[in-house]
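# Survey of secondary and tertiary structure
Listed below are the residues making up each chain.
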Amino acid sequence: MKQPVKLIAGNWKMNGLGASLAEVEALCAALQSQPAACRVALCPPSTLVERMARTTAGSPIEIGGQDCRAETHGAFTGDISAAMLKDAGAILVILGHSERRQGYGESDLLVSAKAEAAFAAGLAPIVCVGETLEQREAGRAVEIVRSQVMASLPLAIAGRAFAVAYEPVWAIGTGLTPTLEQIEEVHRAVRAAMIERLGLGIAATPILYGGSVKPDNAAEILAVPEVGGALVGGASLKAPDFLGIIRGA
Ligand code: 13P
C-alpha cells in the first residue's frame, strides 16, 4: 500500500526575530535544490507569521500559528483569532500544545472549541495530546491520551483536513524519547480513538510524533507504524537540523 506523505512541522514556540528569517531562506533554498519527500510546515510566533509567509511564498513550506482564540473577535487583550492567522498567511494552527494546557489551564473542551474556530477560518488544526511523566509511570499513558483525543476533537472535524500530534510532556525539550514500541502503542491507540469518535474516514489523517525529535533519531521514529510525521521544537530553529529531519522522512 502506498504510504501517505508525512508532515514535518516545526514549532518555533517563543523563539525567532526578523533576523531568524535567514534560516527560513536557507531552508527554502535547500528544498528548491532538492525537494522534500514530505510536507514541510513552520509555525513561528505570531509576529513572524506574515513575514515568514512572504519569505516562503512560492515554496512548498506551509505556515501555521501556534494557538488561536476560540472566539472570532472581541475584547481579548493579547490574543489572536484564527481569522487573523489566516489573514497573515497561515494555513495551519497548533492547538492544545501541552505548554498551553499546562501553562494556561487549557481543557479538552476549549481545544475542541478552538478547532472549530480554526475550521471556520479555513485553518487546518494540529491538535496536540500527550501524557505527563507521572501519568506514564502510573501506567496511564494510553488511557490519558485516548481521553484527550476523544474530548479534544470536535465531531465537525470529520471530513476536514487536520492532524493529531502525540507529544509526551516528559519528552518535550528534554532529550528523552519513548521507545519505538511505546510510540507505536500510543499512536495505535490514538488512531483507534479517532476512528471510534469520527469514523473510518479519518484513517489517513496524519498522527505526528513530537518530543526531542532530532536529525539522528528522526528516521527511526518516522518509520514506526502509524507515525505520519513529526512536530519538532528546538531542532526546527536551525535550517541544517530541520533539514536533517526532513531528509529522514
Ligand atoms: P522539542 O522538539 O524541543 O522537544 O519540542 C517538541 C514540541 O513541543 C513541539 O511542539
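Per chain, residue numbering runs from 1 following the sequence as it is written. Owing to the predicted nature of the model, reporting of local features is limited to residues with pLDDT of at least 70; listing and counting of side-chain atom pairs is limited to 80 or more, with chain, interface and lining totals taken over all residues. Think of the side-chain values as coming from all heavy atoms in the structure, minus any hydrogens and water.

### Remarks on the sheet that holds strand β8 (residues 229-232)
Threshold: Two strands form a pair only when DSSP identifies at least two bridges running between them. Secondary structure is summarised from DSSP: a helix means a run of H or I of at least four residues, a strand means a run of E of at least two, and numbering begins at the N terminus for each. Lines fitted to C-alpha atoms define the axes here, with helix axes fitted over just the stretch in contact, and angles between the N-to-C directions of these axes take values from 0 to 180 degrees. The contact definition used throughout considers only heavy atoms, calling two residues in contact when any of these lie within 4.5 Å.
Strand order in the closed barrel made by the eight strands is β1-β2-β3-β4-β5-β6-β7-β8, with parallel pairing throughout. Averaged over all pairs of adjacent strands, the angle between their axes in this sheet comes to 25 degrees, without regard to strand direction. When strand β3 (residues 62-65) meets strand β4 (residues 92-95), the two strands line up parallel, connected through two bridges. Each residue of the ladder has a partner; that of G65, found in β4, is V93. Its contacts with the sheet place helix α8 (residues 180-198) against β6 (163-166) and β7 (207-210), and it is angled at close to 145 degrees to β7.

### As for the pattern of salt bridges
A side chain of one charge can pair with a side chain of the opposite charge if their charged atoms are brought near each other. Where we set the bar: Definition used for salt bridges: Asp or Glu carboxyl oxygen within 4 Å of a side-chain nitrogen of Lys or Arg. Relative accessible area decides the class of each residue, using a 1.4 Å probe on protein chains only: under 20% of the type maximum gives buried, over 50% gives exposed, and in between gives partly exposed.
Under the defined criterion, the tally for this structure stands at 16 salt bridges. With a closest N to O distance of 3.2 Å, D67 and R100 form a salt bridge. Linking D67 in the loop between β3 and α3 (82-88) with R100 in helix α4 (residues 98-103), this pair joins segments that are 33 residues apart in sequence. Take D67: its relative accessible area is 15%, and that puts it in the buried class. Taking the shortest distance from any N to any O, the salt bridge between R140 and E143 comes out at 3.0 Å. Residue classification places E143 among the partly exposed residues on the basis of a relative accessible area of 45%. If you follow the salt bridges from partner to partner, you end up with D67, R100, E106 and K114 in one network.

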